[in-house]
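Fold and geometry: a report
Here is how the chains run, residue by residue.
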Amino acid sequence: MSFASPKKIENKITTKETLLTPRFYTTDFEEISKLDISKNQREIEAIVEEFRIDYNRDHFIRDKEFYKTWDSFDEKTRNIFIEFLERSCTAEFSGFLLYKEISRNLKNVNPLLAEGFSFMARDEARHAGFLNKAMSDFNISLDLGFLTKTRKYTFFAPKFIFYSTYLSEKIGYWRYITIYRHLEKNPTYRVYPLFRFFESWCQDENRHGDFFAALLKSQEELLNTNEARLWCRFFLLSVFATMYLNDLQRKEFYASIGLNAKQFDQYVIRKTNQSAKTLFPVILDVNHPDFFPLLDKCADSNQKLCDIDRIKVFNIIKNILKLPYYIILIINLLKIYLLKPIETNYIWTIS
């Protein structure tokens, strides 16, 4: 797939990495290649067959609505949309690179998993390309080639990739479908045609999440042990907090499409938590009276950190100023983690 835009682009941009920026990941490919998936192979095969059908093969095609001018956007709205497209494109492209590399390394040792990851890489590439073409409507593009060569890669053990990516795909589903349904009911807020594609887009995310759920179920120790219970809680909190802190910094984007960022995130968190209930042995008690107030305190600390970043002083002074807010952020995240979780009573034993 080509990510080049047919339009004349003013300039290419690269992303600035921060604590909450979408990251690029690598993992232990040899460990994944040795996975025994026989305990849940039939479900994995069924999901790969769905990938093979490729329901969205002809969906992500730009139509004439994209080719009108977007000069009517004021500068603030234009910048808000560019940032949304940039972050979304970076996240999708990160997934493409990871899935493609896993597929390449599994091709000769685990053809079924290799095929599954290859199809997911195809979907992520399609999404990233579509988003980058959308950026060209604002006379800008993301330099994906530069990102590939220069971005720092974070190593995650395979089991951490499985937990986090399962949740990322499921939360992506709830984000996209919630925005799509909202704009269906309130078409005056659908200010840009990209949102028309979110229904099929979110189905890709959902199928990817199902693939990782099936993979996790094939490795019972990742769901049935006491250690697994701790990791499930950790990754639920990590994914929820990352989205919440990011989105509350970008309230203007959600306001531009008629959504309240805090209400939107709380709804998505509740729905994703319910989705995880069908797989994880424990989920977070998101209805606990302290859950969202503590998350709000984390968002306040994160905002203070962002404010300090804008101060024109030496980095060492910035780091000193940031330290108390990092401590407050960690303490509040720990308090959320220690809230009594909800037992789901699932014990996975697949014959």
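Residues numbered from 1 in each chain as written. Predicted model: local features only at pLDDT ≥ 70, side-chain atom pairs only at ≥ 80, totals over all residues. Heavy atoms only, no water.

A closer look at the overall build of the chain
Of regular secondary structure, the chain possesses 13 helices and six strands. The dimensions of the chain, computed from C-alpha atoms along their principal axes, are 60 × 50 × 45 Å. Expressed as a percentage of the 351 residues in the chain, the buried residues total 53%. Counting contacts in the chain only where the partners sit at least 6 residues apart, residues at least 24 apart contribute 85% of the total. Total accessible area computed for the chain in this model is approximately 17,300 Å², and 53% of it derives from carbon and sulfur atoms. (Helix = DSSP H or I, 4+ residues; strand = E, 2+ residues; numbered from the N terminus. Buried < 20%, exposed > 50% of the residue type's maximum accessible area, 1.4 Å probe, protein only. Contact = heavy atoms within 4.5 Å. Areas by Shrake-Rupley, 256 points an atom, 1.4 Å probe, with all protein chains shown as cover.)

Section: the packing of helix 12 (residues 291-309) against helix 13 (residues 315-337)
At a closest axis distance of 9 Å, the pairing of helix 12 and helix 13 adopts a crossing angle of 165 degrees. Classified by the interaxial angle, the pair formed by helix 12 and helix 13 is roughly antiparallel. Note on packing geometry: the crossing formed by helix 12 with helix 13 is left-handed. Residue-level contacts link F291, L294, L295, K297, C298, S301, K304, L305, I308 and D309 of helix 12 to K318, L321, K322, Y325, Y326, I328, L329, N332, L333, K335 and I336 of helix 13. Here the contact of helix 12 with helix 13 is composed, by residue class, of 13 nonpolar, two polar and six charged. (Axes fitted to C-alpha atoms, helices over the stretch in contact; angles between N-to-C directions. Parallel < 35°, antiparallel > 145°, perpendicular 65-115°, else oblique. Left-handed = near helix turned anticlockwise from the far one by under 90°. Nonpolar A, V, L, I, M, F, W, Y, C, P; charged D, E, K, R; others polar.)

As for the confidence of the model for the chain
On average, residues of the chain carry a pLDDT of 89, and 92% of them reach 70 or more. Taking the mean pLDDT of every element in the chain, the minimum, 53, falls on strand 1 (residues 11-13) and the maximum, 98, on helix 11 (residues 261-276). (pLDDT = per-residue confidence, 0-100.)

Notes on the pattern of salt bridges
Evaluated as defined, the whole model comprises 23 salt bridges. The residue K39 makes a salt bridge to E220 at a minimum N-O spacing of 3.9 Å. Residue K39 is found in the loop between helix 1 (29-33) and helix 2 (41-53), and its partner E220 is found in the loop between helix 7 (198-217) and helix 8 (221-224); the two are separated by 181 residues along the sequence. On the basis of relative accessible area, K39 is assigned to the partly exposed category, the value being 42%. For E220, a relative accessible area of 18% gives the class buried. The shortest N-O distance in the salt bridge between E343 and R229 comes to 2.6 Å. With E343 in strand 6 (residues 342-343) and R229 in helix 9 (residues 226-249), the pair connects residues that are 114 residues apart, well separated along the chain. (Salt bridge = Lys/Arg side-chain N within 4 Å of Asp/Glu carboxyl O.)

Brief notes about the environment of I311
Along the chain, the position of I311 falls in the loop between helix 12 and helix 13. Overall, I311 belongs to the partly exposed group, its relative accessible area being 35%. When residues no more than four places from it in sequence are discounted, the contact partners of I311 are K318 and L321.

Looking at the side chain of K322
Checked against the element boundaries, K322 lands in helix 13. Not counting residues up to four positions away in its chain, the partners in contact with K322 are L305, I308 and D309.

Some remarks on the packing of aromatic side chains
In total, this model carries 48 aromatic pairs according to the counting rule given. Ring centres of F73 and F138 lie 5.7 Å apart, and the angle between their planes is 40 degrees; this geometry places the pair in the tilted category. With a gap of 65 residues between them, F73 in the loop between helix 2 and helix 3 (75-106) and F138 in the loop between helix 4 (111-136) and strand 3 (140-142) connect regions that are remote in the sequence. On the basis of relative accessibility, which here comes to 14%, the residue F73 falls in the buried class. Summarising the aromatic geometry, the rings of Y99 and F117 are spaced 5.9 Å apart at their centres and angled 55 degrees between planes, so their arrangement reads as tilted. With Y99 in helix 3 and F117 in helix 4, this pair connects stretches of sequence that are 18 residues apart. Residue classification places Y99 among the buried positions, given a relative accessible area of 2%. When the ring centre of Y67 is taken as reference, the NZ or CZ atom of R62 above it lies at 5.1 Å. (Phe/Tyr/Trp six-rings, centres within 6.5 Å; stacked < 30°, edge-to-face > 60°. Lys NZ or Arg CZ within 6 Å of the ring centre and 35° of its normal.)

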